[in-house]
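Notes for the structure review
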Amino acid sequence: DVAKLAQKKSSLEEVAREARLKFLFAAAEKYKIRKIALGHNLDDQAETVLMRVLRGTGLQGLSGIQPKRAFGKFILVRPLLEIRRSQIRSFLRRKKITPCYDRSNAQDLYLRNRVRNRLLPLLEREYNKNIKEVLSNLAESAAADYDYLIKKAQDSFSRSKGKISLKAILKQHPALRRISLRLAIGSLQGNTRRISFRHIKEIEDLLFSRPVGSIVHLPQGISVTKKANFLAFSLE
């Protein structure tokens, strides 16, 4: 009962996503399966990238949906990520398979639905008929660049959980520094979904302009404290 689960949270979509994953992980556990294949396609990728651009994003957000991702002891794979939704529907028609449709997708209640039903058709019609492929290619390129930067950020200095050396991070290139901050936050919470560019800029202001002992409060109960020799990340 997703509606009931969502009563204490603001996002019905987020609650539904968590409920789906919980069900899939439980099923995988029951049948001793490690890999779970999901049905995201090229259209989903284009919608995701465009939504993130509209909301404001960096290189990580432009990476979109990943074709393969470790999730605890499970691995999520998306074998249809380079296939258009229309191609999948054509295949199902030829095979006489009736798909299951979520009727709420036709309603413009959520941002993704408005992007899918109104904005992307407008961009296809009046600006670039291949806009979905363009956005999908952007995601693939950004993902490769971001993966390289993550590895550089991890290799540039030793980072104990919850701490980042001030001396090390102040020497970093801004691109690597910002990724290092996200990695530190993610190590506490497991994700950085609610961490915006504004939050990263506030931590940088803490680094360069505020005195020792100053604190920045972030979403999901995370705080960052400036110590004499390091930044301390903690859950409140």
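Data block above holds the structure.
This report concerns the structure included in the present document. As the structure is a prediction and not an experimental result, all values here were calculated from the model. (Residues numbered from 1 in each chain as written. Predicted model: local features only at pLDDT ≥ 70, side-chain atom pairs only at ≥ 80, totals over all residues. Heavy atoms only, no water.)

For the rest of this paragraph, the subject is the packing of aromatic side chains. Tallied over the full model, the rule gives two aromatic pairs. On the numbers, 5.2 Å between centres and 45° between planes, the contact of Phe25 with Phe71 is tilted. In this pair, Phe25 is assigned in helix α2 (residues 12-30) and Phe71 in strand β2 (residues 68-71), connecting sequence segments 46 residues apart. Using a relative accessible area of 16% as the deciding quantity, one classes Phe25 as buried. According to the relative accessible area criterion, Phe71 is partly exposed, its value standing at 24%. With 5.0 Å between their ring centres and 5° between their planes, Phe25 and Phe74 make a pair best called stacked. Here Phe74 lies in strand β3 (residues 74-77) and Phe25 lies in helix α2, a separation of 49 residues in the sequence. Of the two residues, Phe25 and Phe74, both sit in the buried class. In this structure an aromatic cluster arises from ring pairing among Phe25, Phe71 and Phe74. (Phe/Tyr/Trp six-rings, centres within 6.5 Å; stacked < 30°, edge-to-face > 60°. Helix = DSSP H or I, 4+ residues; strand = E, 2+ residues; numbered from the N terminus. Buried < 20%, exposed > 50% of the residue type's maximum accessible area, 1.4 Å probe, protein only.)

The next subject is the pairing of strand β5 (residues 215-218). The alternating pattern of β5 places Val216 and Leu218 on a buried face and Ile215 and His217 on a face that is not buried. Pairing between β5 and strand β6 (residues 222-226): four bridges, direction antiparallel. Its bridge partner lying in β6, Val216 is registered against Val224. Counted along the chain from β5 to the antiparallel partner β6, the turn is three residues long, and its residue Gln220 has a positive phi close to 65°. (Pairing = 2+ DSSP bridges.)

Attention now moves to the sheet that holds β3. One open sheet holds the three strands; their spatial order is β1-β3-β2, and the pairing between them is mixed. Every other strand in the sheet has two partners, leaving β1 (35-37) and β2 as the edge strands with one partner each. Ignoring which end each strand starts from, the neighbouring axes of this sheet average 25° apart. As defined by bridge partners, β2 adjoins β3 across four bridges and the pair is classed as antiparallel. Bridge pairing links Lys68 to Val77 in β3. (Axes fitted to C-alpha atoms, helices over the stretch in contact; angles between N-to-C directions.)

To continue, consider unusual backbone geometry. A positive phi angle is found at Lys32, which is not glycine, with a value near 55°. Of note, Lys32 is situated in the loop between α2 and β1. Positive phi is not limited to glycine here, since Lys96 has a value of about 55°. In this fold, Lys96 is placed in the loop between α5 (85-94) and α6 (111-126).

A word on α6. At Leu119, α6 shows its largest bend, some 35°, and a proline, Pro121, comes one to four positions later. Residues of α6 that are buried include every one of Asn113, Val115, Arg116, Leu120 and Leu123, and no others. (Bend = angle between axes of the 7 residues up to and from the residue.)

Here we take up the layout of surface pockets. Approximately 180 Å³ is the volume found for the second largest pocket. Counting only elements with at least two residues in the lining of the second largest pocket, the list comes to α2 and β2. By residue number, the principal contributor to the lining of the second largest pocket is α2, which donates six residues. Taken together, the residues that form the lining of the second largest pocket break down as three nonpolar, two polar and six charged. (1 Å grid on protein atoms, 1.4 Å probe; cavity = no way out; pocket = protein on both sides within 12 Å on 5 of 7 lines; lining within 4 Å. Points joined across faces, edges and corners; volume = space filled by probe spheres on them. Nonpolar A, V, L, I, M, F, W, Y, C, P; charged D, E, K, R; others polar.)

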